[in-house]
Amino acid sequence: MYDPLVIAQIQRKFHLLSPEMDERRRRQWAAAEAKELGWGGVSLVAHATGLSRPTISAGMRELERPIAQRTVEGTRVRRPGGGRPTAAKSDPGLMAALESLLDPVTRGDPESPLRWTCKSTRRLAEELSRQNHGVGPRTVATLLHEAGYSLQANRKTREGVAHPDRNAQFEYINASVGRALARGQPAISVDTKKKELVGDFKNGGREWHPQGEPEEVRVHDFLDKTLGKAIPYGVYDMVNDQGWVSVGIDHDTAQFATHSIRRWWQEMGRERFPRATELLITADGGGSNGHRTRLWKVSLQALADDLGLMLSVSHFPPGTSKWNKIEHRLFSFITQNWRGKPLVSHQAIINLIAATTTKSGLIVKAVLDTNHYPLEIKVSDTELAALCLERHEFHGDWNYTIAPRIKKSRFQKL
């Protein structure tokens, strides 16, 4: 007859420790209790815990082994080969079937069952079951992790065919910026940030709000003709780690781009570079400030005339816009600052941009540009030839200097 008090005591211990014990620890603890009780201890502990007598006896044999051996064996819960076989072992064709569904080749196969669907673990499990591989979503997830798969987003890395002079142009830009900084002349990086819809539209990212009270926005992202859109054109001062953003409301044209540079010079640049005689501009190879855009060069000539500065321009090679300083020194921080905030008005956009700061001391100023810039302005060969433009010896299509018209005699015409 078992002592009810002893049984109750063992049960209390077992229930307290069981949640934190694996199979090995559980049977060894039970064996230790049985040894303490002496004759009949195995049966009593088995009755109190529900563990089988063979399990407790196995634990007793393990306790009798040398300490060194137990230490090595303690890294495993079961003996090698113990436990239920994995799904991949019990179904040898399972992993091959799963990998065939994930193979990138299936993207081009219109007959593939998952060609046009999201490859979630649920859908993968359903398709495998249709192929007589009965598994659930959790098993699929385990198999994917074991095979080295993980959930990943798209990554922008494909830039197309690299231009043979790509690296040489990077070195040329770097040397040009270095020379400008050594002479105390301003060097800026310019570009247009992604256009934004103005209104209570969803903006990527998350912000802290009371539980269950997210900020409500529109379901569909259709242009609000009353509020319009915002076109941020940025100027980043590489010398002072300062930025300027003109937020346009009309079109992203070359005239808008050069007017943004003009506003930066009037509001920030002139004060910081009172002795400047030239301005180095680094820009992308396309868009409103593209190297093939005639209106960009004509507008730069007007800017040079207004400012009285020599404008040296260097464009990044095609497909390398992400290397432009303004992208990761200014625009990325603006995006972080307004994440999760609907851009409800132009003034809200101005305030969010101007409030952007970094640990390195970035200062940003922003203004609204309400001017209207016409599209499809044609520049004739005669107008282009009248520019005071000199192409540099290295890639004159990417690197050139435009002088104020009063110094025209120093330069060749195109």
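Coordinates for the structure precede this section.
These figures come from a predicted structure and were not determined experimentally. (Residues numbered from 1 in each chain as written. Predicted model: local features only at pLDDT ≥ 70, side-chain atom pairs only at ≥ 80, totals over all residues. Heavy atoms only, no water.)

Peer 1: Any chance you could break down the packing of aromatic side chains for me, citing the residues and the numbers?
Peer 2: When we look at a pair of aromatic rings, we describe it by the centre distance and by the angle of the planes. Counted by the stated rule, this structure contains 7 aromatic pairs. Look at F170 and F316: their rings are 6.1 Å apart centre to centre, the planes differ by 55°, and that puts the pair in the tilted class. Of this pair, F170 sits in helix α10 (residues 166-182) while F316 sits in the loop between β6 (310-315) and α13 (325-337), placing them 146 residues apart in sequence. Both residues of the pair, F170 and F316, belong to the buried class. Taken together, a centroid distance of 5.8 Å and an interplanar angle of 55° make the contact between F170 and W323 tilted. Here F170 is found in helix α10, whereas its partner W323 is found in the loop between β6 and α13, with 153 residues between them in sequence. With relative accessibility at 19%, the residue F170 sits in the buried group. For W323, a relative accessible area of 45% corresponds to the partly exposed category. Grouping aromatic residues by their ring pairs yields a cluster made of F170, F316 and W323. (Phe/Tyr/Trp six-rings, centres within 6.5 Å; stacked < 30°, edge-to-face > 60°. Helix = DSSP H or I, 4+ residues; strand = E, 2+ residues; numbered from the N terminus. Buried < 20%, exposed > 50% of the residue type's maximum accessible area, 1.4 Å probe, protein only.)

Peer 1: Hey, could you go over helix α14 (residues 346-354) for me, with residue numbers and the actual values?
Peer 2: If you check which residues of α14 are buried, you get H346, A348, I349, I350, L352 and I353. Buried residues along α14 sit against β3 (229-237), β4 (242-248), α13 and β7 (363-369). (Contact = heavy atoms within 4.5 Å.)

Peer 1: Give a detailed account of the pairing of strand β1 (residues 187-192), specifying residues and quantitative values.
Peer 2: With respect to burial, β1 is a largely interior element, 6 of its 6 residues being buried. Covered by surrounding structure in β1 are A187, S189 and D191 together with I188, V190 and T192, the residues of both alternating faces. As judged from the 3 bridges shared by β1 and strand β5 (residues 278-283), these two strands associate in the parallel manner. Each residue of the ladder has a partner; that of I188, found in β5, is I281. As judged from the 5 bridges shared by β1 and β3, these two strands associate in the antiparallel manner. The residue bridging S189 from the neighbouring strand is Y236, located in β3. (Pairing = 2+ DSSP bridges.)

Peer 1: Talk me through the packing of helix α11 (residues 254-272) against helix α12 (residues 294-307); I want residue IDs and the actual numbers.
Peer 2: Their axes nearest at 8 Å, the elements α11 and α12 cross at an angle of 25°. As summarised for this structure, α11 and α12 are arranged roughly parallel, according to the angle between their axes. Considering the relative orientation of α11 and α12, their crossing is right-handed. Between α11, through A254, Q255, A257, T258, I261, R262 and W265, and α12, the contact on the second element is made entirely by L295, W296, S299, L300, A302, L303, D306 and L307. Its residues placed into classes, the contact of α11 with α12 shows 10 nonpolar, 3 polar and 2 charged. (Axes fitted to C-alpha atoms, helices over the stretch in contact; angles between N-to-C directions. Parallel < 35°, antiparallel > 145°, perpendicular 65-115°, else oblique. Left-handed = near helix turned anticlockwise from the far one by under 90°. Nonpolar A, V, L, I, M, F, W, Y, C, P; charged D, E, K, R; others polar.)

Peer 1: Pulling in residues and values, what's your account of the side chain of S246?
Peer 2: Structurally, S246 can be placed in strand β4. With a relative accessible area of 1%, S246 lands in the buried category.

Peer 1: If you had to explain the nonpolar core to someone new, which residues and values would you point to?
Peer 2: Counting 35 residues, the largest nonpolar core has I261, W264, W296 and L300 as the members making the most contacts within it. Of all the elements in the fold, those that place two or more residues in this core are β1, β3, α11, β5, α12, β6 and β9 (399-402). Element by element, the count of residues in this core is highest for α11, at 7 residues. Excluding anything up to four places from it in sequence, I261 contacts I188, V190, V235, L279, I281, W296 and L303. Grouped together as the second largest cluster of nonpolar side chains are 26 residues, F170, I173, A187 and I326 included. (Core = buried A, V, L, I, M, F, W, Y, C linked by side-chain atoms within 4.5 Å.)

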